[in-house]
Amino acid sequence: MFKRILLPTDGSELSSRAVLAGVSFAKEVGADLVGMTALPDFKTFTADAEMIESTEDEYLAASEARANRRLAPLVDAARTAGVDCAALLVRSDDPHEAILRTARDRGCDLIIMASHGRHGLGGVLLGSETQKVLVHSSIPVLVYR
């Protein structure tokens, strides 16, 4: 059925629960996992506090450490379950585009991701990466809530 599943994570509690569900699903169907997280590239002019007081090298090192913290639970859960898993940090200002590109580039046939379920004005103003993936993906998307 599914051979390779993309499992993006933003490190949130809900995303962490989706990771565990995704690993369990991958084990059940015998699929490999591609775990990923997206973080922006360093910018000289920004409103991001992490970039304002950092040099590019400091920011890149800190963002790699942050990505490793996000991806470590996925890698550990996959290892424990006996599921093959690759873990990626993708640099992008648009996480949904990074998710779609990674899924295509890695030959994934399913994307499993969390939805924070923001409603009303907050959902409109903040946007939903999950919603954007659902709208633009030609690959099936399983949403964990």
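Our subject is the structure that appears above.
What comes next concerns the included structure. In this text the structure is predicted, and so the values were computed from the model without any measurement.

Here we look at a nonpolar patch on the surface
Then, in step 1: A cluster of nonpolar side chains, namely Leu134, Val135 and Val143, defines an oily patch on the protein surface of about 220 Å² accessible area.
Then, in step 2: For Val143, a relative accessible area of 30% gives the class partly exposed.

So, a negative patch on the surface
Then, in step 1: A cluster of acidic side chains, namely Asp41, Glu56, Asp57 and Glu58, defines a negative patch on the protein surface.
Then, in step 2: Along the chain, the position of Asp41 falls in the loop between β2 (32-39) and α2 (49-52).
Then, in step 3: Of the residues examined, Asp41 reaches a relative accessible area of 38% and is grouped as partly exposed.

Focus: the environment of Ile5
Then, in step 1: Here Ile5 shows up in strand β1 (residues 4-8).
Then, in step 2: In the structure, Ile5 is positioned 20 residues away from Phe25 in sequence and 9.5 Å away in space, judged by C-alpha atoms.
Then, in step 3: Residue contacts for Ile5: discarding those within four places in its chain leaves Phe25, Ala26, Val29, Ala31, Asp32, Leu33, Val34, Cys108, Leu110 and Ile112.

Some thoughts on the sheet that holds strand β3 (residues 85-91)
Then, in step 1: Read across the sheet, five strands follow the order β3-β2-β1-β4-β5 without closing on themselves; strand pairing throughout is parallel. Edge strands, defined here as strands with exactly one partner in the open sheet, are β3 and β5 (141-144). Recorded for the sheet is a direction-independent mean angle of 25° between the axes of neighbouring strands.
Then, in step 2: Looking at chain direction, β1 and strand β4 (residues 110-114) are connected through two bridges and run parallel.

Here's the deal with the pairing of β2
Then, in step 1: With seven of its eight residues buried, β2 lies for the most part within the structure.
Then, in step 2: As judged from the five bridges shared by β1 and β2, these two strands associate in the parallel manner. When the bridges of β2 are listed, Arg4 appears paired with Asp32.
Then, in step 3: Relative to β3, β2 runs parallel, the two being bridged by seven bridges. When the bridges of β3 are listed, Ala38 appears paired with Val90.

Concerning the pairing of β4
Then, in step 1: β4 sits mainly inside the fold: five of its five residues count as buried.
Then, in step 2: Of the two faces of β4, the one lined by Leu110, Ile112 and Ala114 and the one lined by Ile111 and Met113 are each fully buried.
Then, in step 3: Of the strand pairs in this sheet, β4 and β5 are connected by four bridges, and their pairing is parallel. Within the sheet, the bridge partner assigned to Ala114 lies in β5 and is Tyr144.

Considerations on the packing of aromatic side chains
Then, in step 1: By the definition in use, this model includes two aromatic pairs.
Then, in step 2: Arranged with centres 6.1 Å apart and planes meeting at 50°, the rings of Phe2 and Phe25 form a pair that is tilted. Here Phe2, found in the segment before β1, pairs with Phe25, found in helix α1 (residues 13-29); they are 23 residues apart in sequence, far enough to count as distant.
Then, in step 3: What makes Phe2 buried here is its relative accessible area of 18%.
Then, in step 4: Ring geometry for Phe42 versus Tyr59: centroids 5.8 Å apart, planes at 45°, classification tilted. Separated by 17 residues along the polypeptide, Phe42 in the loop between β2 and α2 and Tyr59 in helix α3 (residues 56-81) bring together distant segments of the chain. Tyr59 matches Phe42 in its accessibility class, with the two residues each being buried.

The rules behind the values
Residues numbered from 1 in each chain as written. Predicted model: local features only at pLDDT ≥ 70, side-chain atom pairs only at ≥ 80, totals over all residues. Heavy atoms only, no water. Patch = residues over 30% accessible without salt bridge, like charges linked within 9 Å, V, L, I, M, F, W, Y side chains within 5 Å. Areas by Shrake-Rupley, 256 points an atom, 1.4 Å probe, with all protein chains shown as cover. Salt bridge = Lys/Arg side-chain N within 4 Å of Asp/Glu carboxyl O. Buried < 20%, exposed > 50% of the residue type's maximum accessible area, 1.4 Å probe, protein only. Lys, Arg positive; Asp, Glu negative; His and termini not counted. Charge placed at Lys NZ, Arg CZ, Asp CG, Glu CD. Helix = DSSP H or I, 4+ residues; strand = E, 2+ residues; numbered from the N terminus. Contact = heavy atoms within 4.5 Å. Pairing = 2+ DSSP bridges. Axes fitted to C-alpha atoms, helices over the stretch in contact; angles between N-to-C directions. Phe/Tyr/Trp six-rings, centres within 6.5 Å; stacked < 30°, edge-to-face > 60°.

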